[in-house]
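Coordinate analysis (summary)
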Amino acid sequence: MSETTRILILGGTGDAAALAAQVSLLSDVEVMTSLAGRTQQPSELSGSVRVGGFGGSEGLVRYLKEQRINVLIDATHPFAAQISWNAASAVVEANIPHLMLVRPAWKKVTDDRWLEVESVEAAAQAIPSNAQRIFLTIGRQQLAPFTLLTEHWFLMRSIDPPAPDIALPNGELLLDRGPFTVENEIALLKQHAIEAIVSKNSGGDATYAKIAAARELELPVVMVQRPTRPSGERVKDVASAVAWLKQRL
Ligand SMILES: NC(=O)c1ccc[n+]([C@@H]2O[C@H](COP(=O)([O-])OP(=O)(O)OC[C@H]3O[C@@H](n4cnc5c(N)ncnc54)[C@H](OP(=O)(O)O)[C@@H]3O)[C@@H](O)[C@H]2O)c1
């Protein structure tokens, strides 16, 4: 490794931002975070930031070589599988160490009423027949399957608004960014007379409040399971990622 270690973090998550902040405090490192560019106003990040796709795995290999990246840490969202597969293959070609920071999935506990499904499309078909008013918290990019449910009303929460040219399910948009509190989530669910929730199993604390709120109100949650990720070295939290990195500096 060169004297300064150049670290690329694949970001787009709170964990990636926290990791960039901690890693940039280490000596002899340069930290770059890569964002896909989906969020209009991303949170502020330590180190430098680049935005936009690389052009598949080959594009990422080119970038790693051109930028003389020494270490790649994939801290993307558990549902951003494509970039993780691209990264896992690019690091082999670029011959650099690779770590995945994957926060643990939420686990169902007593009194949770989860219906676990494999995909967002399956979630649209799994909404309990007695639920008409649905809290849809899967982001703004996969709303299409729910437009088919014309008898339902959806409260759709996302950070940014959906693209103006896509058809939206019947209902109301709510633009907001976590973390959320259980108290506020309970109030929101009651205010809109919500009867079921659709969520991805994203894990982490920032958006868990809706799951705790659903338990409290005895509401069903249609829970979309995570896509398959590549195998490779992985840790569950930011502190473990920093420790892994320190061993390599
Ligand atoms: N999916 C979610 O539910 C979700 C939720 C919260 C945050 N995010 C964040 O939003 C971003 C996009 O998510 P996605 O589900 O659309 O990902 P994806 O399906 O895995 O990626 C699609 C394409 O977007 C580009 N891309 C994704 N992440 C990138 C990054 N960090 N830097 C540069 N290019 C990136 C890549 O384009 P090229 O092939 O051209 O390189 C990738 O092939 C991710 O960074 C993720 O951390 C996703």
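Attention here is on the structure that accompanies the text. Numbering of residues begins from 1 in every chain and follows the order in which that chain's sequence is written. The predicted nature of this model means local features are confined to residues of pLDDT at least 70 and side-chain atom pairs, given and counted, to a pLDDT of 80 or more, with totals for whole chains, interfaces and linings taken over all residues. Note that the side-chain values use all heavy atoms of the structure and ignore hydrogens as well as water.

1. Concerning the overall build of the protein chain
- Each helix is a run of H or I in the DSSP string that is no shorter than four residues. Each strand is a run of E no shorter than two, and both are numbered from the N terminus. Per the secondary structure count, the protein chain includes 7 helices and 12 strands.
- Atoms counted for the radius of gyration: C-alpha only. Globule rule: 2.2 Å times residue count to the power 0.38. Relative to the compact-globule value of 18 Å for 249 residues, the protein chain shows a C-alpha radius of gyration of 19 Å, a close match.
- Each principal axis of the C-alpha atoms in the protein chain carries an extent, and together these give about 60 × 35 × 30 Å.
- Looking at the protein chain residue by residue over its 249 residues, the buried ones come to 47%.
- Contacts in the protein chain between residues at least 24 apart in sequence constitute 67% of all its contacts with a sequence separation of at least 6.
- Summing over all exposed atoms, the protein chain offers an accessible surface of approximately 12600 Å²; the carbon and sulfur share of this is 48%.
- Averaging the coordinates of the 24 positive side-chain charges in the protein chain and doing the same for the 27 negative ones gives two points 3 Å apart. Each residue is placed in one exposure class: buried if its accessible area under a 1.4 Å probe, protein chains only, is under 20% of its type's maximum, exposed if it is over 50%, and partly exposed if it falls in between. Contact criterion: two residues are considered in contact whenever any of their non-hydrogen atoms come within 4.5 Å of each other. Values of accessible area rely on a 1.4 Å probe in the Shrake-Rupley scheme; residue burial ignores everything except the protein chains shown. Under the counting rule used here, the positive set is Lys and Arg, the negative set is Asp and Glu, and His together with the chain ends is not counted. Charge coordinates come from a single atom per side chain, which is NZ of Lys, CZ of Arg, CG of Asp or CD of Glu.

2. Some thoughts on the pairing of strand β8 (residues 153-158)
- Most of β8 sits out of view: 6 of its 6 residues are buried.
- A two-sided burial pattern is seen for β8, the buried positions comprising W153, L155 and R157 on one face and F154, M156 and S158 on the other.
- Pairing between two strands requires that DSSP report at least two bridges joining them. Where β8 lies against strand β9 (residues 171-175), 5 bridges are found, and the strand directions are parallel. Following the sheet pairing, S158 is matched in β9 by L175.

3. Quick notes on the pairing of strand β2 (residues 29-35)
- In terms of burial, β2 is largely enclosed, as 6 of its 7 residues are buried.
- Note: strand β1 (residues 5-10) against β2, 6 bridges, orientation parallel. Considered in β2, the bridge of L8 is made with M32.
- Consider the strands pointing away from the viewer: the crossover is right-handed when the path from the first strand over the helix to the second runs clockwise. As for the winding sense of the linkage, the β-α-β connection from β1 through helix α1 (residues 14-23) to β2 is right-handed.
- Bridging between β2 and strand β3 (residues 48-51) involves 4 bridges; their strand directions are parallel. Among the inter-strand pairings, L35 is bridged to a residue of β3, identified as V51.

4. Some remarks on the nonpolar core
- One finds I7, I9, L19, V23, I73, L101 and L245 to be the most contacted residues of the largest nonpolar core, which totals 20 residues.
- With 5 residues, the top contributor of residues to this core is helix α7 (residues 238-248).
- Apart from residues lying up to four places away in sequence, L19 is in contact with I9, I73, L101, V238, A241 and V242.
- What is meant by a nonpolar core is a set of buried Ala, Val, Leu, Ile, Met, Phe, Trp, Tyr and Cys residues, joined one to another through side-chain atoms within 4.5 Å. One finds I134, I138, F146 and V224 within the second-largest nonpolar core, a separate group that totals 19 residues.

5. What to know about the packing of α1 against α7
- Axis separation between α1 and α7 bottoms out at 10 Å; the angle between their running directions is 40°. Relative to α7, the element α1 lies oblique. Crossing angle aside, the handedness with which α1 passes α7 is right-handed. Contacts from D15, A18, L19, Q22 and V23 of α1 reach α7 at V238, A241, V242 and L245.
- When residues are sorted by character, Ala, Val, Leu, Ile, Met, Phe, Trp, Tyr, Cys and Pro go into the nonpolar class, Asp, Glu, Lys and Arg into the charged class, and all the rest, Gly among them, into the polar class. In the contact of α1 with α7, the residues fall into 7 nonpolar, 1 polar and 1 charged. In this analysis an axis means a line fitted to C-alpha atoms, helices contributing only their contacting stretch, and an angle means the value between N-to-C directions, from 0 to 180 degrees. Any angle that is under 35 degrees is reported as roughly parallel, and any over 145 degrees as roughly antiparallel; angles of 65 to 115 degrees are reported as roughly perpendicular and all others as oblique. Here is the rule for handedness: rotate from the far helix to the near one, and if that takes an anticlockwise turn smaller than a right angle the crossing is left-handed, while a clockwise turn gives right-handed.

6. Brief notes about the sheet that holds strand β10 (residues 196-200)
- What the 6 strands build is an open sheet, ordered β6-β11-β10-β7-β8-β9; its pairing is parallel. With partners counted over all chains shown, the strands left at the sheet margins are β6 (113-117) and β9, one partner each. Each strand axis lies, on average, 20° off the axis of its neighbour in the sheet, ignoring direction.
- Where β10 and strand β11 (residues 220-224) come together, 4 bridges link them in parallel fashion. When the bridges of β11 are listed, V198 appears paired with V222.

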